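# Structural description and commentary
Given next are the chains, with one letter for each unit.
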Amino acid sequence: ITMYRAKAAGGNRYELADARAIARHNLTNCLPTALENGEFFIEYQPLVRLADGTVRGAEALVRWLHPVHGVLGPDQFIPLAENTGLIVPLGRWVLEEAARQARAWRSDGEGPMRVNVNLSPSQLRCPTLVADTVAVLRNAGLDASALCLEVTENALIGADEKELRPLRELADLGVDIALDDFGTGYSNLSYLRRLPVSTLKLDRCFTRGMQQAPADPVDVKIVEGIVSLAHTLDLSVTVEGVETGNQAEHLRLLGCDTAQGWYYARPGPPERLHTLSLADAAS
Ligand code: C2E
Ligand code: MG
Ligand code: MG
Ligand code: MG
């Protein structure tokens with residue numbers, strides 16, 4: 001409310017309210033009803049095994065169909081949901097929905113299609129995370145191994161053993177844990193050994209230099225180094241932001257395991273995955 005009040009800045013001069021702050025404020029206000037009204041939806045982006053080009057699964061990416069503003073991306077509302085605590089019910093909804101979808105793909109004879117779901121820092125701290133996840137998997141009739149939870153490197157910085165316990169429990173149950181946006185956070189790599197993760201998701205900024213030939217030699221060296229480190233620690237490497245065939249081929253040769261990006265498919269409705277894996281089967 002204070003944001004609406006133009007502050008007197010002395011004399012006749014007024015400071016105009018910050019339009020972006022107002023927008024944030026309004027969006028925050030309608031977040032809770034948006035969840036009740038079913039205004040959120042999920043797009044899926046395939047994850048492709050580089051060795052043979054087959055679709056292994058998909059990442060669930062949430063969007064908000066706002067009645068006035070149209071489709072909003074997660075960067076526009078996840079931080080607001082995080083600040084207000086709504087991220088916990090929203091994140092649980094995404095998990096339920098994605099698990100149900102993964103189950104549907106399997107029932108459609110899609111094979112062992114896996115689904116990746118992003119977890120926010122508040123969800124990690126939620127005391128019912130393990131129980132909720134187990135319940136969602138059970139209700140969907142899905143194996144733990146069909147789920148991969150993506151946690152950003154930044155969310156885990158400084159986490160002690162107690163804070164990591166829920167993730168470790170989930171990992172012990174067979175849920176795959178991926179370290180998202182890897183390379184953008186902590187620089188001390190020794191902490192990787194302590195984390196219950198099975199996959200590194202290399203941030204887009206490292207693969208950007210490989211879109212065109214010749215590739216940026218420094219980026220090539222970095223990716224090479226990370227792949228070798230990951231494989232030494234028995235972790236698989238997923239690369240994000242693959243936009244060209246050049247990049248895909250180069251990353252395959254560097255030993256990356258899985259790729260995701262516009263070159264294969266943009267995020268889209270769940271039916272798209274069906275078409276993609278059929279194309280797979282035909283080729
Ligand atoms: P992320 O998990 O790193 O997801 C990858 C982002 O890169 C997605 O953006 C995706 O659309 C985009 N992307 C994929 N391929 C390409 C490409 O080839 N080129 C380029 N330039 N971009 C590509 P999106 O959908 O806007 O999501 C942004 C972030 O929002 C995600 O980053 C994730 O951190 C967060 N997010 C999305 N859904 C959820 C959710 O359900 N819960 C939480 N907590 N966070 C979410
Ligand atoms: Mg992610
Ligand atoms: Mg990522
Ligand atoms: Mg990212």
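In short, a report on the structure. Computed from a predicted model, the values in this text were never measured in an experiment. (Residues numbered from 1 in each chain as written. Chains lettered and ligands numbered in written order. Predicted model: local features only at pLDDT ≥ 70, side-chain atom pairs only at ≥ 80, totals over all residues. Heavy atoms only, no water.)

## Describing the coordination of the magnesium ion (ligand 2)
Binding of the magnesium ion (ligand 2) to the protein goes through Glu59 (OE), Asn118 (OD1), Glu150 (OE) and Asp180 (OD), at separations of 2.0 to 2.3 Å. In the primary sequence, the donor residues of the magnesium ion (ligand 2) line up as E-x58-N-x31-E-x29-D. A spacing of 3.7 Å is found between the magnesium ion (ligand 2) and the magnesium ion (ligand 3), which share Asp180 as a donor. Of this pair, Asn118 sits in strand β6 (residues 114–119) while Asp180 sits in strand β8 (residues 176–182), and the two are 62 residues apart along the sequence. A relative accessible area of 29% places Asn118 in the partly exposed class. (Donors = N, O, S within 2.8 Å, 3.2 Å for Na, K, Ca; no water. Helix = DSSP H or I, 4+ residues; strand = E, 2+ residues; numbered from the N terminus. Buried < 20%, exposed > 50% of the residue type's maximum accessible area, 1.4 Å probe, protein only.)

## Some remarks on unusual backbone geometry
In the segment running from Ala213 into Pro214, the intervening peptide bond is cis, with an omega of -5°. Counting through the fold element by element, Pro214 comes out in the loop between β9 (199–202) and α8 (217–232). Even without glycine at this site, Asp234 takes up a positive phi of about 70°. With respect to the helices, strands and loops of the structure, Asp234 is situated in the loop between α8 and β10 (236–239).

## Here's the deal with the nonpolar core
The biggest cluster of nonpolar side chains holds 76 residues, and the ones touching the most others in it are Tyr44, Leu149, Leu179, Val223 and Val239. In terms of residue count, the dominant contributor to this core is helix α3 (residues 87–107) (9 residues). Excluding residues within four positions of it along the chain, Val223 makes contact with Leu202, Phe206, Met210, Leu251, Leu254 and Cys256. (Core = buried A, V, L, I, M, F, W, Y, C linked by side-chain atoms within 4.5 Å. Contact = heavy atoms within 4.5 Å.)

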